Amino acid sequence: MKKVLAGIAILFVAFLVSFSSVALADDAAAQKLFVDKKCNTCHSIESAKIEKKMASSKAPDLSDVGSTRNAEWITKWLNKEVELNGKKHMPTWSGTPEEQKTLADWLASLKKKS
C-alpha cells in the first residue's frame, strides 16, 4: 500500500511540475507578445517587471487587471467592441486571433496576491 501511495505521489508531483512548466512557457509567450505588439508603449505590468515606454501615458498598470476583467472582456476591448469610461481602446489590434487569445488569457490571469 505504501508503494502505491508513493507512486501516486510521484506521479502527482510530476504532473504539477509539467503543468507549471507549461504555464510558465505560456506566460513567457504572452509577455513577449505584450512587448512585441508594443502594449508596453502605454501600459506597464509591474508584477511582470514590464515598464511602459511612454512616461507621460496615463494608461493603467495591468498587474491586477484579471481581478476586474476576464479574457472575453479583454478581447472585446482590444477589438474596440466595448468602452471603458466612455472611450475605446486606442490602437487597433494588429495580431492574429491566436495571439490575441494568448494575450487576453494571460492578462485575465494577472491578479495581485493578497
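Residues numbered from 1 in each chain as written. Predicted model: local features only at pLDDT ≥ 70, side-chain atom pairs only at ≥ 80, totals over all residues. Heavy atoms only, no water.

**Points about the overall build of the chain**
Each helix and strand in the chain was counted, giving three helices and zero strands. Starting at the N terminus and ending at the C terminus, the chain contains elements arranged as α-α-α. Of all 114 residues assigned to the chain, the portion counted as buried reaches 27%. Long-range pairs, those at least 24 residues apart, make up 45% of the contacts in the chain with a sequence separation of at least 6. Here the chain displays about 8300 Å² of accessible surface, and carbon together with sulfur accounts for 62% of that area. (Helix = DSSP H or I, 4+ residues; strand = E, 2+ residues; numbered from the N terminus. Buried < 20%, exposed > 50% of the residue type's maximum accessible area, 1.4 Å probe, protein only. Contact = heavy atoms within 4.5 Å. Areas by Shrake-Rupley, 256 points an atom, 1.4 Å probe, with all protein chains shown as cover.)

**Points about unusual backbone geometry**
One non-glycine residue, Lys80, lies in positive phi territory at about 60°. Residue placement: Lys80 occurs in the loop between helix 2 (71–78) and helix 3 (97–109).

**A few points about the confidence of the model for the chain**
On average, residues of the chain score 86 in pLDDT, and 80% of them reach the 70 mark or higher. Of the regions scoring below 50 in pLDDT, residues 13–22 engages in zero contacts with residues more than four places distant in sequence or in other chains. (pLDDT = per-residue confidence, 0-100.)

**A few points about the environment of Ala48**
In this structure, Ala48 sits in the loop between helix 1 (2–36) and helix 2. Along the primary structure Ala48 and Ser63 are separated by 15 residues, whereas in three dimensions their C-alpha atoms are 7.5 Å apart. Once residues lying within four places of it in the same chain are set aside, the contact partners of Ala48 are Gln31 and Trp106.

**Points about helix 2**
Among all positions of helix 2, only Ala71, Trp73, Ile74, Trp77 and Leu78 are buried. Buried residues of helix 2, viewed axially, fall in a sector of 160°; they line one side. Against helix 3 lie the buried residues of helix 2. One side-chain oxygen at the N-terminal end of helix 2 lies 3.2 Å from the backbone nitrogen of Glu72; it belongs to Asn70. Positive backbone phi, approximately 60°, marks Lys80, located one or two places after helix 2. (Arc of directions from axis to C-beta. Polar contact = N/O pair within 3.5 Å; in protein donor to acceptor, adjacent residues only side chain to side chain.)

**A word on the nonpolar core**
Ranked by internal contacts, the top residues of the largest apolar core, which has 21 residues, are Phe34, Ile45, Ile74, Leu103, Trp106 and Leu107. For Leu107, the residues in contact, after removing those within four places along its chain, are Phe34, Ile45, Leu62, Val65, Gly66 and Ile74. (Core = buried A, V, L, I, M, F, W, Y, C linked by side-chain atoms within 4.5 Å.)

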